[in-house]
Amino acid sequence: MNQNPTKHTKVLIIGSGPAGYTAAVYAARAMLKPMLVSGMEAGGQLTTTTDVENYPGFAEAIQGPWLMEQMKDQAKAVGTEIIEDHISSVNLKSKPFEAIGDGGQKYTADSIIISTGAQARWLNIDSEQKFRGFGVSACATCDGFFFKDKTVAVVGGGNAAVEEAMFLTKFASKVKLIHRRNALRAEKLLQSKLKANKKIEIIWDSVVEEVLGDSEPKNVKGLKIKNVKTNKVEELKIDGLFIAIGHDPATQLFKGQLEMDKEGYLITKPDSTQTNITGVYAAGDVKDKVFRQAVTAAGMGCMAALEAEKHLSHS
């Protein structure tokens, strides 16, 4: 066990990324001397994103990892203590709140901001990971723009997959929706809109076996797909692949302590980041399954810090 003395802070921020770093900037500027524990993947989902063209303030495309590095440096510069650790358990019933890191380091806090984010579910095939960020994406609103007049495929059958497919028709000349079953799970209204769209072709009962493409420079050229009923494998020519099989919020840590919806997203009060425990706030993709953008996560990080500051000044 780690014998390091307990670290106490007024504001403990769990998780990095746009929400965590922005919360840190605001909390530090309010003289709250926050501690931010960055977690396994410092910078979050943006560190696996290459070109970012939709973050306000940058006329030229910027790189996701660079943007996170800048946010981190800014949080540090204004007085955040950034700790490379991963929180493995929390006790939100104790006062002050308690959190324990992987190595046994104990943290106590008067308020906690949770910005542990979410992860897109992937197909987990090697070729998909190889082309991630080079034609394989999990976010149509982020990357659809790069596929003007091209052919793309979307994998999935729920609302998200149908919405992504519809969105992509604004740019792509053809969208192929690949679903492993013979019926979609998406809402009926969305399904009828999808089926009315001439640019979309649905490929039923099929799974992606392999993403095909060039290694130098990296780009996607096609897919091998298998029909699960006939086992027939065929190749499709496509320029981009969007995976839309859902996201998993990183909320395992808070099960049984904080209110969540059935998918595990933390529930906050309307127009607020306040969870069901006073003094505990949630910001970014850990509570947001609708927008999932860097700028909205950053906005919520700001809200959480301001709400924490107000709470601490009254307590």
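Residues numbered from 1 in each chain as written. Predicted model: local features only at pLDDT ≥ 70, side-chain atom pairs only at ≥ 80, totals over all residues. Heavy atoms only, no water.

Draft legend 1. The arrangement of the nonpolar core in detail. Formed by 30 residues in total, the largest nonpolar core has its most connected members in I13, Y55, L67 and I113. At the level of elements, β1 (7-14), α1 (17-29), α2 (64-77) and α7 (294-314) are the ones that each hand at least two residues to this core. The element contributing the most residues to this core is α7, with 8 residues. I112, F254, M260 and V286 belong to the second-largest nonpolar core, a separate cluster that totals 22 residues. (Core = buried A, V, L, I, M, F, W, Y, C linked by side-chain atoms within 4.5 Å. Buried < 20%, exposed > 50% of the residue type's maximum accessible area, 1.4 Å probe, protein only. Helix = DSSP H or I, 4+ residues; strand = E, 2+ residues; numbered from the N terminus.)

Draft legend 2. The arrangement of the packing of aromatic side chains in detail. Counted by the stated rule, this structure contains 6 aromatic pairs. Three or more aromatic residues joined by ring pairs make a cluster, and in this case those are F145, F146, F167 and F171. (Phe/Tyr/Trp six-rings, centres within 6.5 Å; stacked < 30°, edge-to-face > 60°.)

Draft legend 3. The pairing of β1, seen in detail. The pairing of β1 with strand β8 (residues 106-114) spans 7 bridges and is classified as parallel. Bridge pairing links I13 to I113 in β8. Note that β1 and strand β2 (residues 35-37) share 3 bridges and pair parallel. Bridging from a neighbouring strand, I14 pairs with V37 of β2. A crossover links β1 with its parallel partner β2, the connecting element being α1, and its sense is right-handed. (Pairing = 2+ DSSP bridges. Right-handed = clockwise from strand over helix to strand, strands pointing away.)

Draft legend 4. Up close: α7. For α7, built from 21 residues, the straight-helix expectation of 30 Å at 1.5 Å per residue is met to within 8% by its first-to-last C-alpha distance of 31 Å. Taken together, the buried positions of α7 are occupied by A294, A297, A298, M300, G301, C302, A304, A305, A308, H311 and L312. Those residues of α7 hidden inside the fold are in contact with β1, α1, β8 and β19 (280-282). (Expected span 1.5 Å × (residues − 1). Contact = heavy atoms within 4.5 Å.)

Draft legend 5. Representation of helix α6 (residues 188-196) within the structure. Along α6, the positions that sit buried rather than exposed are L190, Q191 and L194. Angularly, the buried residues of α6 cover 100 degrees about the axis, an arc narrow enough to put them on a single face. Within α6, the exposed residues directed more than 90 degrees away from the buried face are K188, L189 and A196. Considering only its buried residues, α6 is in contact with α5 (159-168), β12 (174-178) and β13 (200-203). (Arc of directions from axis to C-beta.)

Draft legend 6. Expanded view of the state of the cysteines. Tallying each qualifying case throughout the model produces 1 disulfide. Linked covalently through their sulfurs, C139 and C142 form a disulfide whose S-S length is 2.1 Å. Around the S-S axis, the bridge from C139 to C142 shows a dihedral of about 75 degrees and counts as right-handed. Classification of C139 by relative accessible area gives buried; the value is 17%. Classification of C142 by relative accessible area gives partly exposed; the value is 27%. (Disulfide = S-S within 2.5 Å.)

Draft legend 7. Quick look at the pairing of strand β17 (residues 240-243). Here β17 shows two buried faces, one formed by G240 and F242 and the other by L241 and I243. Both strand β10 (residues 136-137) and β17 contribute to a ladder of 2 bridges, which runs parallel. The residue bridging V136 from the neighbouring strand is L241, located in β17. Sheet topology places strand β11 (residues 151-155) next to β17; 4 bridges connect them, and they run parallel. By the bridge assignment, A153 is partnered in β17 with L241.

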